[in-house]
Amino acid sequence: MDILNAFVAFANFVLVPGLTYGSQLALGALGITLIFGVLRFSNFAHGDTMAFGTAFVILFTWWFQSMGISDGFLPTALLALPFGIAVTIAMVLGTDRVVYRFYRRQRAKPIILVIVSAGVMFVMNGLVRMIIGTSEKNFSDGSRFLLDPKVFRDATGLAEPLAIKTTQAVTVVVAILCVAALFWFLQKTRTGKSMRAYADNEDLALLSGINPDRVVMVTWIIAGTLACIAGTLYGLDKSFRVFVYFGLMLPIFAAAIVGGLGSPLGAIVGGYVIAFSELLVTSAWRKIAGYILPDGWLGDGLYQALSTDYKVAVSFVILIVVLLVRPQGIFGGK
Amino acid sequence: MKKLLLASVAATAFAGAASADDVKLGILIGFTGPIESLTSHMAAAAELAMAEVNASGKSAHTFTSVRGDSTCVDAAAAQAAGERMVTAEGVKGIIGADCSGVTRAVLQNVARPNGIVMISPSATSPALTADEDDGLFFRTAPSDAREGEIMADILMEKGVKSIALTYSNSDYGKGLAEAIANAYTAKGGVVTINAAHDDGKADYSAEVAALAAAGGDILVVAGYLDQGGKGIIQASLDTGAFSTFGLPGGMVGDSLPAAIGPALDGSYGQVAQSDAPGAAILTEMGKANATPFEATSPYAMESYDAAALIMLAMHAAGSTDPKVYKEKIMDLANAPGEPILPGELGKALELIAAGTDIDYQGASGVELIGPGESAGRYKEFVIKDGKYETVTFR
């Protein structure tokens, strides 16, 4: 019985939030890693692309809500998502046309493109602030819980509650669907194969007749779509604030680098590694230890390795350790 | 041009040469800075009290105000403004300063060296209670420590044995959480954890996990309702970690129940709010004033009371010397005596002249405790159907 309680407490405070947060990071890191693989630069503007897409999803959600359209049990934002994705794709294709293409034609060094993307980041950040404002926006609706903590407690008779929010379930399901679709696209379709060929060896790909403009365009479309989905899921599950998305850059980059930049599989694993490390290190284990340890063994401490204030520092440390010990990442990126 | 300059110098010299029964009072509050939206009302309220005394003709003095900018945050600027008031303008008392930090600086570096009485309408830091003041410092605003005691009382009456406590990582949150923890522990309660949360984050589930691990009957959230405080409550409900919350003043506002929904019902707390009869009177007086102001704006009532107390004390002591009249302030503010409400300052002056005791109630229901600070009135509330329902005033 006590083991059960310990497991439920673990699931409630570590497993479920970790899976959700990891999925959100993985989707973000996938976008980073694709752009790095194909376009060969680290896109610092990715966090703000997520914010941009989410902002439009929110606007469409509000519009739908005002017209009385809803998804019933699921959040209305899922209906608004395709529209948000379309706007995001238009935006990233637009920036590519106006900004990145110029430097690509010049065969600019990757470091220059990184700086350029930092510039795009600031412009986009300001744009989102102008469009939707700086304050917190809430756009989650539909049923709040898939598994209500009270219902769970009453049904099982356990002391510990287990809650699964609808948004958490939606996040994991959507993430799985996206990843499956992406891998199918990269492995099975002609365009996907040409993208991988272009990423592996640009010159050889050009020689074999692959149209580089088309590859770049498809990459941006996929990256924009993933950014919009990742941002919307994060905003639905937590809350939307432009500044927070700016700060999401660090864990997302850490996830992409831990997995190996350029490796889609690595980005997914990296996302979960970062999410669970943050949670495991900053979680207070007192409750779980209390169920497992024999009576009287439990002291007064919280059994917390680091205060939750240091959550971001955890991804920093992992990032540095990986760069020092295995710079190519777990799955051997570039 | 030269003549014009000379003329204007002469004019200011005349204006400065006050007659013997002209008394200047300083109003040292942040006309610029983070609380500038409040200070116009505060100053207008204090000046209304002076105008009322002057109009009654019962005082031996005519009071004029000298405004100075404390900036609320810049201690050096506040001290310079205070020093100028005392040495150049010759004020006999200061209404101010406003924010706790500058108030402490002005008290130590201007008021004490010069021996000037200061009554702050808005400094709430518990630290001021223990500061050396030579009996010169009073405040018509309650210390945050008082809210801690009130909250501890409420928790005890509800039979809460242990609380988890989280506070906004700010001076306000930290001070209040300390006050609550100290008062509650002193009354025999157990604080299982006292942890900070940062405002402006998207996700508070990690913070809530730590709070849940420590456990407790309820979770007391000493934060801001539009910031981390709301996030903490939402995350607690989402994980089923806590279902009842203790809500201090920073968590009171209609946006909170609207954002959280019915799950917040049954949570309770307290907020500084006066049910004093004088509040309504001053509100009307503020509307009818030559320069209208909102008495319901925070600390406006306290400003009126601060000015009134200084003038009444001068009258009672028969002296404008701060060292003499400072002794009278506590007597006038507290029972026994005839209760005095706003608009009755003329009557108060008469009663004092006749030797009758008065109990100055003013707009905020003044009662000074300890080293001369307001006991404050707090509204105990419980949330029912998304509304803050008043339980009682204490």
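Residues numbered from 1 in each chain as written. Chains lettered and ligands numbered in written order. Predicted model: local features only at pLDDT ≥ 70, side-chain atom pairs only at ≥ 80, totals over all residues.

## Considering the overall build of chain A
Here comes step 1: What chain A contains, in helices and strands, is 13 helices and two strands.
Here comes step 2: In summary, chain A has a C-alpha radius of gyration of 21 Å against a globular reference of 20 Å for 334 residues, a match within 12%.
Here comes step 3: Along the three orthogonal principal directions, the C-alpha set of chain A runs to about 70 × 55 × 40 Å.
Here comes step 4: Buried residues in chain A amount to 46% of all 334 residues. (Helix = DSSP H or I, 4+ residues; strand = E, 2+ residues; numbered from the N terminus. Rg over C-alpha atoms; globule rule 2.2 N^0.38 Å. Buried ≥ 20, exposed ≤ 12 C-beta atoms within 10 Å, placed from the backbone.)

## Concerning the overall build of chain B
Here comes step 1: Within chain B, the secondary structure is distributed over 15 helices and 16 strands.
Here comes step 2: In summary, chain B has a C-alpha radius of gyration of 23 Å against a globular reference of 21 Å for 394 residues, a match within 12%.
Here comes step 3: By residue count, 54% of the 394 residues in chain B fall in the buried class.
Here comes step 4: Residue pairs in contact within chain B that sit at least 24 positions apart in sequence constitute 70% of those at least 6 positions apart. (Contact = placed C-beta atoms within 7 Å.)

## Some words on the domain arrangement of chain B
Residues and elements named next belong to chain B.
Here comes step 1: Taken domain by domain, chain B consists of domain 1 (19-143 + 276-374) and domain 2 (146-272 + 378-393).
Here comes step 2: Relative to domain 2, the C-alpha centre of domain 1 lies at a distance of 33 Å.
Here comes step 3: Facing the four residues of domain 1 at the interface are four residues of domain 2.
Here comes step 4: Class assignment of the residues belonging to the side of domain 1 that touches domain 2 gives a composition of two nonpolar, two polar and no charged. (Domains from an automatic or database assignment. Nonpolar A, V, L, I, M, F, W, Y, C, P; charged D, E, K, R; others polar.)

## A short note on the sheet that holds strand E15 (residues 378-384) of chain B
All names here are of chain B.
Here comes step 1: Taking strand neighbours across the sheet as the criterion, the seven strands line up as E7-E6-E8-E9-E10-E15-E16 in an open arrangement whose pairing is mixed. At either end of the open sheet lies a strand with only one pairing partner, and these are strand E7 (190-197) and strand E16 (387-393). Shown here is a sheet whose adjacent strand axes are inclined to one another by a mean of 25°, direction ignored.
Here comes step 2: Along the sheet face, helix H7 (residues 171-186) touches strand E6 (162-168), E7 and strand E8 (218-222) and points at about 165° away from the line of E6. (Pairing = 2+ DSSP bridges. Axes fitted to C-alpha atoms, helices over the stretch in contact; angles between N-to-C directions.)

## Points about the packing of helix H2 (residues 46-67) of chain A against helix H9 (residues 212-237) of chain A
All names here are of chain A.
Here comes step 1: Look at H2 against H9: their axes get within 7 Å of each other, and the N-to-C directions meet at 70°. The orientation of H2 with respect to H9, classified from their angle, is roughly perpendicular. Considering the relative orientation of H2 and H9, their crossing is right-handed. Contacts between H2 and H9 involve His46, Thr49, Met50, Ala51, Gly53, Thr54 and Val57 on the former and, on the latter, Gly224, Ala227, Cys228, Ala230, Gly231, Thr232 and Gly235.
Here comes step 2: Split into classes, the residues belonging to the contact of H2 with H9 amount to six nonpolar, eight polar and no charged. (Parallel < 35°, antiparallel > 145°, perpendicular 65-115°, else oblique. Left-handed = near helix turned anticlockwise from the far one by under 90°.)

## Quick notes on the environment of Asp171 of chain B
Residue and element names in this part refer to chain B.
Here comes step 1: Along the chain, Asp171 turns up in helix H7.
Here comes step 2: Since 13 C-beta atoms lie within 10 Å of it, Asp171 is described here as partly exposed.
Here comes step 3: As for Asp171 and Ile119, which are separated by 52 residues in sequence, their C-alpha atoms are 22 Å apart.

## Some details on the interface of chain A and chain B
Often, the extent of an interface is quoted as the loss of accessible area upon association of its parts.
Here comes step 1: Chain A puts 25 residues into the contact, and the matching count from chain B is 17 residues.
Here comes step 2: Looking at the side of chain A that touches chain B, the element that brings in the most residues is helix H1 (residues 2-39) of chain A, giving three residues.

## A few points about the sheet that holds strand E5 (residues 137-142) of chain B
Residues and elements named next belong to chain B.
Here comes step 1: Ordered in space as E2-E1-E3-E4-E5-E14-E13, the seven strands form an open sheet in which the pairing is mixed. Two strands close off the open sheet at either side, each with one partner strand: strand E2 (62-69) and strand E13 (368-369).
Here comes step 2: In terms of strand pairing, E13 meets strand E14 (residues 373-374) through two bridges, oriented antiparallel. Bridged to Leu368 within E14 is Ser374.
Here comes step 3: Contacting strand E1 (22-29), E2 and strand E3 (93-96), helix H3 (residues 75-89) crosses the sheet at an angle of about 150° to E2.

## Here we look at the pairing of strand E10 (residues 268-272) of chain B
Residues and elements named next belong to chain B.
Here comes step 1: For E10, the buried fraction is high: four of the five residues fall into the buried class.
Here comes step 2: One ladder, built from two bridges, connects strand E9 (residues 245-247) with E10; its direction is parallel. Within E10, the residue paired with Leu247 across the bridge is Gly269.
Here comes step 3: Read as a crossover between parallel neighbours, the route from E9 over helix H10 (residues 255-260) to E10 is right-handed.
Here comes step 4: By the bridge criterion, five bridges tie E10 to E15 in an arrangement that is antiparallel. Directly across from Ala272, in E15, lies its bridge partner Tyr378. (Right-handed = clockwise from strand over helix to strand, strands pointing away.)

## Structural notes on the nonpolar core
Taken as a class, soluble globular proteins show a tendency for nonpolar side chains to be buried jointly.
Here comes step 1: Among the nonpolar cores identified, the biggest contains 143 residues, and Ala255 of chain A together with Leu165, Ile180, Ala210 and Leu211 of chain B are the most heavily contacted of them.
Here comes step 2: Ranked by the residues each element gives to this core, the list is headed by H1 of chain A, at 18 residues.
Here comes step 3: If we skip the residues at most four places from it in the chain, Ala255 of chain A touches Leu25, Ala26, Ala29, Ala267, Gly270, Gly271 and Ile274 of chain A.
Here comes step 4: The next biggest cluster of nonpolar side chains, apart from the first, holds 78 residues, and it includes Ile95, Ala111, Leu309 and Tyr360 of chain B. (Core = buried A, V, L, I, M, F, W, Y, C linked by C-beta atoms within 7 Å.)

## Digging into the confidence of the model for chain B
Residue and element names in this part refer to chain B.
Here comes step 1: When pLDDT is averaged across chain B, the result is 88; 95% of the residues are at 70 or more.
Here comes step 2: Within chain B, strand E4 (residues 117-120) carries the highest mean pLDDT (95), whereas helix H1 (residues 2-16) carries the lowest (49).
Here comes step 3: Within the model, the stretch residues 9-20 combines pLDDT values under 50 with zero contacts to residues more than four positions away or in other chains. (pLDDT = per-residue confidence, 0-100.)

## Remarks on helix H11 (residues 277-288) of chain B
Residue and element names in this part refer to chain B.
Here comes step 1: The set of residues buried in H11 consists of Gly278, Ala279, Leu282, Met285 and Gly286. Seen along its axis, H11 keeps its buried residues to an arc of 125°; they face one direction. H11 presents Glu284, Lys287 and Ala288 as exposed residues on the side facing more than 90 degrees away from its buried surface.
Here comes step 2: Lining the buried residues of H11 we find helix H2 (36-56) and helix H12 (300-317). (Arc of directions from axis to C-beta.)

## Quick look at helix H7 (residues 190-200) of chain A
Residues and elements named next belong to chain A.
Here comes step 1: All of the buried residues along H7 are Met195, Tyr198 and Ala199. Each buried residue of H7 lies within a common arc of 100° when the element is viewed along its axis, so the set occupies one face. Those residues of H7 that are exposed and angled more than 90 degrees off the buried face are Arg190 and Asp200.
Here comes step 2: For H7, the elements touching its buried residues are H1, helix H6 (166-188), helix H8 (202-207) and H9.

## Digging into the packing of helix H10 (residues 242-259) of chain A against helix H13 (residues 311-325) of chain A
Residues and elements named next belong to chain A.
Here comes step 1: With their axes 9 Å apart at the nearest point, H10 and H13 run at an angle of 30° to one another. Of the possible angle classes, the one that applies to H10 and H13 is roughly parallel. Where H10 crosses over H13, the two elements pack in a sense that is left-handed. Between H10 and H13, the residues in contact are Leu250, Pro251, Ala254, Ile257 and Val258 and Val312, Ser315, Phe316, Ile318, Leu319, Val322 and Leu323, respectively.
Here comes step 2: Residues belonging to the contact of H10 with H13 are distributed by class as follows: eleven nonpolar, one polar and no charged.

## So, unusual backbone geometry
Here comes step 1: Following Gly96 of chain B, the chain continues into Ala97 of chain B via a peptide bond in cis, with omega recorded as -10°.
Here comes step 2: Relative to the assigned elements, Ala97 of chain B resides in the loop between E3 and helix H4 (100-114).
Here comes step 3: Residue Ala335 of chain B is joined to Pro336 of chain B through a cis peptide bond whose omega torsion reads 0°.
Here comes step 4: When you line up the elements, Pro336 of chain B lands in the loop between helix H14 (329-333) and strand E11 (338-340).
Here comes step 5: Positive phi outside glycine occurs at Arg107 of chain A, with the angle close to 55°.
Here comes step 6: Owing to 6 C-beta atoms within 10 Å, Arg107 of chain A belongs among the exposed residues under this scheme.

## A word on the environment of Asp331 of chain B
Here comes step 1: Its place among the elements puts Asp331 of chain B in helix H14.
Here comes step 2: Taking the C-alpha atoms as reference, Asp331 of chain B lies 19 Å from Ala276 of chain B; in sequence the two are 55 residues apart.

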